[in-house]
Amino acid sequence: MLDIKSFIADRVTLMESSEIREILELTEGKNVISLAGGLPDPKYFPTEELAEISSYIIKEYGSRALQYSVTRGLREFRKEIVDFMEKTGTPGERPYNIIVTSGSQQALNLLAQILVNPGDLVIVEKPTYLAAINVFKAVGASFDGIPIDDEGMRTDILEEKLKQLKAERKRVKVVYTVPTAQNPSGVSMSNERRAHLLELAEEYDFLIIEDDPYSHFMFENVEFKRLRSMDKYRVIYTSTFSKILAPGLRLGWVAAHPDIIDALEIAKQNADLHTPTFNQLIATEAIRRGIVYEHIPKVREAYKRKRDVMLQALEEYMDNMAKWTKPVGGLFIFVYLDESIDTKEMLPEALSAGVAYVPGSAFYIDGSGRNTMRLNFSYPSEEEIKVAIERLADVVREHVSVQR
Ligand SMILES: Cc1ncc(COP(=O)(O)O)c(C=O)c1O
């Protein structure tokens with residue numbers, strides 16, 4: 001008998017599929033309100049404008065739009081990205097500091113490949129973005145996690161950890177952080193902690209990956225500086241057009257020291273030669289016509305309303321049964337239930353009750369956080385959010401009463 005599995009390389013055992021994608025598949029086509037994914041609300045996609053731009057690009061740029069192009073990304077697109085960063089609070093970039101990627105997910109994947117040798121130590125927030133854990137795992141990273149609170153990563157605990165690791169002669173290579181409107185918690189790192197993190201990077205000689213898909217969706221007047229605007233050497237910045245335009249275009253970018261960009265370019269050549277030329281031209285034109293700038297405040301308002309609806313529904317239905325973060329931005333609320341409740345075990349019941357969420361342990365490198373879950377508010381409608389939280393509360397109530 002042919003054993004196909006025996007042909008699969010060992011490294012695949014290091015790769016984990018995203019629990020979120022699996023849950024999304026389970027919920028497809030069923031009467032389940034999904035609070036699981038991190039999808040933008042498609043109602044706000046600038047569909048008509050993009051239809052017009054797409055045909056303009058084909059007519060105007062013709063064969064160029066359909067041709068192979070350079071690995072780093074089109075120069076005019078990189079210039080628009082530099083300009084966008086400048087106008088939105090991160091000045092001082094140059095096109096040679098930028099590489100265009102197929103979403104920031106590819107940026108993370110390539111960064112893991114060029115920075116992390118098997119066994120290298122990567123520090124992440126606890127909890128952190130699930131798919132970042134997966135890309136670092138896939139290259140054999142070892143991890144340490146630093147807890148967060150309402151002001152983001154506890155840099156005081158990080159400092160203790162760094163001291164301890166130094167005493168053990170262990171080197172930290174990279175700290176990966178989503179400092180602004182974090183996924184999964186929605187909290188932001190305070191400016192004091194940002195400054196502290198950069199001091200620690202100097203003192204203990206590590207690089208920082210600043211993953212920043214959500215900073216354009218801040219609902220509160222929180223003063224924040226992107227780490228990249230504070231340090232152009234140690235901070236590798238990645239962001240994406242997924243939330244500020246449309247995720248289906250698969251457009252992201254990295255802003256970093258040119259040596260990092262050069263290494264990324266080689267890794268990207270191996271991965272996919274380049275990000276689709278056509279899509280880069282569409283986004284270039286969408287920035288030039290001001291569509292991105294108009295889109296951001298519209299979506300921000302909508303998500304803020306949805307966040308408020310979810311917070312209110314949580315107050316109404318889950319008070320006394322749970323605690324949750326109060327996101328200052330982004331797409332998610334993170335919920336903490338009684339320690340005795342395992343949200344992974346509870347998920348099938350929630351799905352039967354017609355609501356999906358992501359069990360929080362997926363966001364912890366050490367499998368902790370079993371009593372937590374991530375709820376998304378950008379995708380469901382306001383009405384759906386209310387119904388979903390009511391359904392979820394019924395499920396949680398059962399568990400609370402069983403435990404008591
Ligand atoms: C923190 C974070 N980083 C990266 C990504 C990847 O986004 P994309 O590949 O669509 O740019 C996401 C997507 O949700 C995210 O939440």
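Reading guide: rules and limits
Residues numbered from 1 in each chain as written. Predicted model: local features only at pLDDT ≥ 70, side-chain atom pairs only at ≥ 80, totals over all residues. Heavy atoms only, no water. Pairing = 2+ DSSP bridges. Helix = DSSP H or I, 4+ residues; strand = E, 2+ residues; numbered from the N terminus. Contact = heavy atoms within 4.5 Å. Axes fitted to C-alpha atoms, helices over the stretch in contact; angles between N-to-C directions. Core = buried A, V, L, I, M, F, W, Y, C linked by side-chain atoms within 4.5 Å. Buried < 20%, exposed > 50% of the residue type's maximum accessible area, 1.4 Å probe, protein only. Left-handed = near helix turned anticlockwise from the far one by under 90°. Nonpolar A, V, L, I, M, F, W, Y, C, P; charged D, E, K, R; others polar. Salt bridge = Lys/Arg side-chain N within 4 Å of Asp/Glu carboxyl O. Right-handed = clockwise from strand over helix to strand, strands pointing away.

Participant: Which residues make up the sheet that holds strand 7 (residues 207–211), and what are the values?
Facilitator: Strand order in the open sheet formed by eight strands is 2-9-8-7-6-3-4-5, with mixed pairing between adjacent strands. With one partner strand each, in any of the chains shown, strand 2 (98–101) and strand 5 (152–153) form the two edges of the open sheet. Sheet topology note: the strand 6 (residues 172–177)/strand 7 ladder contains four bridges and is parallel. The residue bridging T177 from the neighbouring strand is E210, located in strand 7. Most of the contacts of helix 10 (residues 258–272) go to strand 2, to which it runs at about 25°, and overall it touches strand 2, strand 7, strand 8 (235–240) and strand 9 (252–255).

Participant: I'd like a description of the nonpolar core, backed by residues and values.
Facilitator: Generally speaking, soluble globular proteins have nonpolar side chains that are buried together. Among the nonpolar cores identified, the biggest contains 82 residues, and M318, M373, L375 and V396 are the most heavily contacted of them. Top element by residues in this core is helix 12 (residues 291–318). It accounts for twelve residues. The contacts of M318, once residues within four sequence positions are left out, are A313, W324, M373, I389, L392, A393 and V396. Among the nonpolar cores identified, the runner-up in size contains 28 residues, and V124, A132, V135 and V178 belong to it.

Participant: Go over the packing of helix 2 (residues 47–61) against helix 11 (residues 277–288), please, and point to the residues and values.
Facilitator: Relative orientation of the contacting elements helix 2 and helix 11 amounts to 115°, with a least axis distance of 9 Å. With respect to the hand of their crossing, helix 2 and helix 11 are arranged in right-handed fashion. Taken together, the residues of helix 11 that come into contact with helix 2 (itself represented by L50, I53, S54, Y56, I57, I58 and Y61) are F278, L281, I282, E285, A286 and R288. The residue inventory of the contact of helix 2 with helix 11, partitioned by class, reads ten nonpolar, one polar and two charged.

Participant: For the sheet that holds strand 13 (residues 358–359), give the residues involved together with the corresponding values.
Facilitator: One open sheet accounts for four strands, arranged 10-11-14-13; its pairing is antiparallel. Both outer strands of the open sheet, strand 10 (322–324) and strand 13, are each paired with one neighbouring strand and no more. As paired strands, strand 11 (residues 332–337) and strand 14 (residues 372–376) are joined by five bridges and run antiparallel to one another. Along strand 14, the bridge assignment pairs I333 with L375. Docked against the sheet, helix 12 engages strand 10, strand 11 and strand 14, running at close to 160° with respect to strand 10.

Participant: Now, about the pattern of salt bridges: what can you tell me, with residues and values included?
Facilitator: Side chains that differ in sign of charge can pair as their charged atoms come close. Tallying each qualifying case throughout the model produces 27 salt bridges. Between D262 and R72 there is a salt bridge, with its nearest N and O atoms 2.4 Å apart. Separated by 190 residues along the polypeptide, D262 in helix 10 and R72 in the loop between helix 3 (63–66) and helix 4 (75–87) bring together distant segments of the chain. Residue D262 is classed as partly exposed on the basis of its relative accessible area, which comes to 37%. Residue R72 is classed as buried on the basis of its relative accessible area, which comes to 14%.

Participant: So what about the pairing of strand 6? Which residues, and what values?
Facilitator: The side chains of a regular strand alternate, first on one face of the sheet and then on the other. Counting buried positions along strand 6 gives five out of six residues, so the element sits mostly inside the fold. As defined by bridge partners, strand 3 (residues 121–126) adjoins strand 6 across four bridges and the pair is classed as parallel. Directly across from I123, in strand 6, lies its bridge partner V175. The parallel pair strand 6 and strand 7, bridged by helix 8 (residues 191–204), forms a crossover whose chirality is right-handed.

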